[in-house]
Amino acid sequence: MPETRHLTIPTEHAGRRLDQSLAELLPEYSRSRIQTWIDAGLVRIANADASRKLKVWGGEAVSVEPDVHPAELPYQAENIALSIVFEDESILVLDKPAGLVTHPGAGNWEGTLLNALLHHVPGAATLPRAGIVHRLDKDTSGLMVVAKTLEAQTQLVRDLQARTVKRVYWAVALGRLLPSEGSIEAPIGRHPTQRVRMAVVERGKPALTHYKVRRQFAEVAWVECRLATGRTHQIRVHMAHLGHPLLGDSLYSGRRRSALAFPRQALHAVRLGLVHPYSGEALEWEALPPPDFAELLLQLESL
């Protein structure tokens, strides 16, 4: 744990808020982080509790107990159940449920797939990202492959870059898709103003999605999508760019709404195919959609 810092407010800071003063005195920490410490009672001024809006006048003795941010701690192994479809000494294929975050990040430092892998796979802590080579969004379900050795991870990353890994998804998109089969080739990058979103942008990374309508309904289409590349949120961004955002996708559907209700983006990784990194054998798996997605398809069939 970092040691307690003892500071004296300089006289030239007179009239400033406490958090403003400390942000200048402790430039290695962000102001928002310092505010969090003040709110948590980790900052004391004249040996009394402080508030971030407190005005300082110079000469005050301040003690700060820097708290370790979760991102600075080693990821912990957690005994989280995994639905394993295939496993040998070098790879693991699993059927990820919707709601499970793949990798720790802001707001989700525990209870992730990575935490589960650290418990399930001996030696995963020695691998980059515990062997994860590609991700599924939190609310996307379906098949993922994870490497159990560095050699396997290196080869799988190469195969993904060479576009030899087969990844097929089922999605339910809003509207009537015409033509009913095609390809979306449009570069994807971070949205210029909304940082939580991706977007089709001129300087984005190349991205290619092939799609085919399996069944067209009155308001939505059951679509099969095949990834040629693997950009963040690729299918969700490409389908929205086409004018047909996914049902339940609050991030990319904008003001478009449907009479149908679905609590997450209707997206499931249904098939995964790859060449085994050691044996060279071509392997393929299929995972039927989870109950909520299957119920949605039944509901559509009955309309």
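As a starting point, this report considers the structure included with it. Because the structure is predicted, anything quoted here is derived from the model rather than measured. (Residues numbered from 1 in each chain as written. Predicted model: local features only at pLDDT ≥ 70, side-chain atom pairs only at ≥ 80, totals over all residues. Heavy atoms only, no water.)

Considerations on the overall build of the protein
Here is the rule: Here a strand is any run of E in DSSP of at least two residues, a helix any run of H or I of at least four, and the numbering for each starts at the N terminus. In this scheme, a residue with accessible area under 20% of its type's maximum is buried, one over 50% is exposed, and one in between is partly exposed, where area comes from a 1.4 Å probe on protein chains only. Throughout, a contact is declared for two residues whenever any of their heavy atoms are within 4.5 Å. Only the protein chains shown count as cover for residues, and the accessible areas themselves come from Shrake-Rupley with a 1.4 Å probe. Only four residue types enter the charge count: Lys and Arg as positive, Asp and Glu as negative, with His and the chain ends excluded. Where a charge sits is defined by one atom per residue type, namely NZ (Lys), CZ (Arg), CG (Asp) or CD (Glu).
If you tally the helices and strands in the protein, you get 6 helices and 15 strands. Dimensions of the protein along its principal axes, counting C-alpha atoms only, are 70 × 45 × 35 Å. Taking all 303 residues of the protein together, the buried fraction comes to 46%. Across the protein, the fraction of contacts at a sequence separation of at least 24, relative to all contacts at a separation of at least 6, is 62%. Surface summary for the protein: the accessible area is close to 15700 Å², and the carbon and sulfur share equals 50%. Computed over 35 positive and 33 negative side-chain charges, the inter-centroid distance for the protein is 8 Å.

Considering the pattern of salt bridges
For clarity, the cut-off: Each reported salt bridge corresponds to a side-chain nitrogen of Lys or Arg within 4 Å of a carboxyl oxygen of Asp or Glu.
Under the definition given, this model contains 15 salt bridges. Here Glu-224 makes a salt bridge to Arg-214, at a shortest N to O gap of 3.0 Å. Residue Glu-224 is located in strand 13 (residues 220–227), and its partner Arg-214 is located in strand 12 (residues 208–216); the two are separated by 10 residues in the primary sequence. One network of salt bridges, in which partners are shared, links Arg-214, Glu-224, Arg-271 and Glu-286.

Focus on the side chain of Asp-249
Looking at the element boundaries, Asp-249 is found in the loop between helix 5 (234–241) and strand 14 (267–275). Here Asp-249 falls in the buried class, since its relative accessible area comes to 1%.

Observations regarding the nonpolar core
In plain terms, the rule: The term nonpolar core refers to a set of buried residues drawn from Ala, Val, Leu, Ile, Met, Phe, Trp, Tyr and Cys, joined through side-chain atoms within 4.5 Å.
Core analysis: the largest hydrophobic core is formed by 30 residues, its most contacted members being Leu-117, Tyr-169, Leu-177, Val-223, Ile-235, Met-239 and Leu-246. Contact partners of Leu-246, with chain neighbours within four places excluded, come to Ala-171, Val-172, Ala-173, Ile-235, Arg-236, Met-239, Gln-265, Ala-266 and Leu-267.

A short note on helix 6 (residues 291–302)
For clarity, the threshold we go by: To estimate the expected span of a helix, count its residues, drop one, and scale the result by 1.5 Å. In this description, the arc belongs to the directions extending from the helix axis to the C-beta atoms.
The first and last C-alpha atoms of helix 6 sit 16 Å apart over 12 residues, in line with the 16 Å expected at 1.5 Å per residue. Buried within helix 6 we find Phe-293, Leu-296, Leu-297 and Leu-300. Buried residues of helix 6, viewed axially, fall in a sector of 95 degrees; they line one side. Seen from the open side of helix 6, the exposed residues pointing more than 90 degrees away from its buried face are Pro-291, Leu-298 and Ser-302. Buried residues in helix 6 make contact with strand 8 (166–174), strand 13 and strand 14.

As for the environment of Val-93
As for its position among the elements, Val-93 is in strand 6 (residues 91–96). For Val-93, a relative accessible area of 0% puts it in the buried group. Sequence separation of Val-93 and Leu-227 is 134 residues, and the distance between their C-alpha atoms is 18 Å. Setting aside chain neighbours within four positions, we find Val-93 in contact with Ser-83, Ile-84, Val-85, Phe-86, Leu-143, Met-144, Val-145, Leu-272 and Trp-285.

Digging into unusual backbone geometry
In this chain, Leu-178 is followed by Pro-179 through a cis amide linkage whose omega measures 0 degrees. For Pro-179, the location among the structural elements is in the loop between strand 8 and strand 9 (181–185). Positive phi is not limited to glycine here, since Arg-129 has a value of about 55 degrees. Topologically, Arg-129 is positioned in the loop between helix 3 (113–120) and strand 7 (141–147). Take Arg-129: its relative accessible area is 40%, and that puts it in the partly exposed class. In this structure, Arg-163 is a non-glycine residue whose phi angle is positive, near 65 degrees. Its place among the elements puts Arg-163 in the loop between helix 4 (150–161) and strand 8.

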